[in-house]
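Here is what each chain is made of, one letter per residue.
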Amino acid sequence: MARQTRCVMMRGGTSKAVFLKEADLPSDPVARDALILSIFGSPDKRQIDGLGGADPLTSKLAVIGPPRAELPEAAGTHLTYTFGQVEIDGPAIDYLSLCGNISAAVGAFAVREGMVEAQSPVTTVRAWNTNLKRVLRIEVPVEDGQPAEDGDFAIPGVPGTGARIFVDFADTAGGATGALLPTGNPVDRLEVEGVGTIEASLIDIGNPHVFVRAADVGMTGRETPAEIDGDAKLLDRLERVRGVAAHRLGLATSPSMARVETPAVPILGMVAAPDAYRDFLHGREVPAEEMDVLARLMFMQRTHKTYAGTSTVCTGVASRLPGTLVHEAARPVPHETAECRIGHPAGVITTEVKVYGGNGPEFRVQRATLGRTARRIMEGYVFTPDHPRVTAEAAE
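Residues numbered from 1 in each chain as written. Predicted model: local features only at pLDDT ≥ 70, side-chain atom pairs only at ≥ 80, totals over all residues. Heavy atoms only, no water.

Q: Hey, could you run me through helix α1 (residues 29–40) in this one?
A: Here α1 spans 17 Å end to end across twelve residues, near enough to the 16 Å set by a 1.5 Å rise per residue. Where α1 is concerned, the buried positions are D33, A34, L35, I36, L37, S38, I39 and F40. Packing partners of the buried residues in α1 comprise β1 (3–12), β2 (15–21), β3 (60–65), β4 (79–86), β5 (93–94) and β23 (374–384). (Helix = DSSP H or I, 4+ residues; strand = E, 2+ residues; numbered from the N terminus. Expected span 1.5 Å × (residues − 1). Buried < 20%, exposed > 50% of the residue type's maximum accessible area, 1.4 Å probe, protein only. Contact = heavy atoms within 4.5 Å.)

Q: Would you mind going over unusual backbone geometry with me for this structure?
A: With the exception of glycine, most residues fall at negative phi, and the peptide bonds are largely trans. In this structure, the amide linkage connecting S120 to the following residue, P121, adopts the cis form with an omega of 0 degrees. Between V265 and the following residue, P266, the backbone shows a cis peptide bond with an omega angle of 0 degrees. Notably, D144 is not glycine yet its phi reads approximately 55 degrees, a positive angle. The phi angle at Q301 is positive, at roughly 65 degrees, despite the residue not being glycine. Residue classification places Q301 among the buried positions, given a relative accessible area of 18%.

Q: What is the right way to read the nonpolar core from this model?
A: Among soluble globular proteins, nonpolar side chains are generally buried collectively. The biggest cluster of nonpolar side chains holds 66 residues, and the ones touching the most others in it are F19, Y81, I138 and V317. No other element matches helix α2 (residues 100–112), which puts eight residues into this core. Sequence-distant contacts of V317, that is, excluding residues within four places in its chain, are made with L180, I205, V353, V355, V365 and A368. Membership of the second largest hydrophobic core comes to 26 residues, among which are L190, V217, I228 and M270. (Core = buried A, V, L, I, M, F, W, Y, C linked by side-chain atoms within 4.5 Å.)

Q: In this structure, what is going on with the environment of T324? I would like to understand it.
A: Inspection of the secondary structure puts T324 in the loop between α6 (309–318) and α7 (325–329). Residue T324 is classed as buried on the basis of its relative accessible area, which comes to 1%. Along the primary structure T324 and S201 are separated by 123 residues, whereas in three dimensions their C-alpha atoms are 5.7 Å apart. For T324, the contacting residues outside a window of four places in its chain are P186, V187, S201, I203 and A318. There is a polar contact of 2.8 Å between the side chain of T324 and the backbone oxygen of A318. (Polar contact = N/O pair within 3.5 Å; in protein donor to acceptor, adjacent residues only side chain to side chain.)

Q: Hey, could you run me through the environment of M115 in this one?
A: Mapped onto the secondary structure, M115 falls in the loop between α2 and β6 (122–129). Judged by its relative accessible area of 22%, M115 falls in the partly exposed class. With 49 residues separating them along the chain, M115 and P66 place their C-alpha atoms 8.3 Å apart. The contacts of M115, once residues within four sequence positions are left out, are K21, I64, G65, H78, L79, F109 and A110.

Q: Any chance you could explain the environment of V8 here in plain terms?
A: Within the element layout of this structure, V8 appears in strand β1. Relative accessible area serves as the criterion here: at 1%, V8 is assigned to the buried category. Excluding its chain neighbours within four sequence positions, the residues that come into contact with V8 are A17, V18, F19, F109, E113, R376, M378 and E379.

Q: I would appreciate a short explanation of the packing of aromatic side chains in the present structure.
A: Centre distance and the angle of the planes are the two values used to describe a pair of aromatic rings. Enumeration according to the criterion identifies one aromatic pair in this entry. For the cation-ring pair, R296 lies above Y277, with the distance from its terminal atom to the ring centre recorded as 4.7 Å. (Phe/Tyr/Trp six-rings, centres within 6.5 Å; stacked < 30°, edge-to-face > 60°. Lys NZ or Arg CZ within 6 Å of the ring centre and 35° of its normal.)

Q: Can you help me understand the pattern of salt bridges in this one?
A: Opposite charge on two side chains allows them to pair when their charged atoms are near. By the definition in use, this model includes 24 salt bridges. Note that E379 and R6 form a salt bridge whose closest N and O atoms lie 3.2 Å from each other. Taken together, the positions of E379 in strand β23 and R6 in strand β1 put the pair 373 residues apart, joining distant regions of the chain. Since its relative accessible area comes to 45%, E379 is described here as partly exposed. Residue R6 is classed as partly exposed on the basis of its relative accessible area, which comes to 24%. Measuring nitrogen to oxygen at the nearest pair gives 3.6 Å for the salt bridge that ties E352 to R367. Of this pair, E352 sits in strand β21 (residues 347–356) while R367 sits in strand β22 (residues 364–372), and the two are 15 residues apart along the sequence. (Salt bridge = Lys/Arg side-chain N within 4 Å of Asp/Glu carboxyl O.)

Here it is in structure tokens:
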């Protein structure tokens, strides 16, 4: 007799996730994760026996629960939101990171599920995120008491257009490490085995990130995902850099254990000055004038085919922090300019950021927004075996 669990599948930005209610899952963490892995069909490279899409961008989880009234820092929130990055090849779920794309879908989910009183034209959803223990403000366009899905806002990497949802990550600065600049430095020197000494900027907003110059790792910044993922030596070099950064941030016990202990964060960004390239989806020429900085991302040991939501705001904030490698690479803009445009493999993504302060510890992020669209794809019940097999042997 199979077990059935209510679920909703939603696209948020350029990602897709399975949404589950906290009350529908086992209270025991081990049993809960076993059920979730079975729902996704992990571990299996194709996730053929579950809802996972066999890609890091479509193997994502959102667990939604009631507000935590007992937590003063969660006062005034409408719900609790836990993000999970479900491993494809291994029996594991990474709860250390946050997905900005799926956070937009959380707002739409909350309105449709009646977890917040819908108000037109915009309903602000305040979500307590358990991953970072911070509050997200999600501004959801509403029509006739329901989240609007139709609109004219386009996102590179997503077909068509939709209604724009704003997610403000300003409160997440330092959420994972305790500080926007975790080491107190805009640039650190990392000693990387097999690579040598490399300069890097470690930034923590949305998720912990490590930024390096594309040229320092043998890249131009114009590469397609296939070109990066097809270069085994480059992938090894990038993961070695990320591993040292993870250890420096206290997220891994050693650089070599980063892939096991914290595969999702820090996210690694390779940045360069604005430069023209062709987007890999449609072959369109993206002029240098359309961007303020050029970047590529590594996420879950693969090249991100577009640009992660949290990485968008983190890159934007870093571009306003003097001394960082992102600030160095970015086009100079007037202080009052909030918009930062980032060239990625599928086009250009924009964030609005406002940062105040004069040096490291005094920097204060007032606004760090991401504009996304979201859509409910399916709701119903997912059926799983009574005794899911989640041992390592299943991945072989």
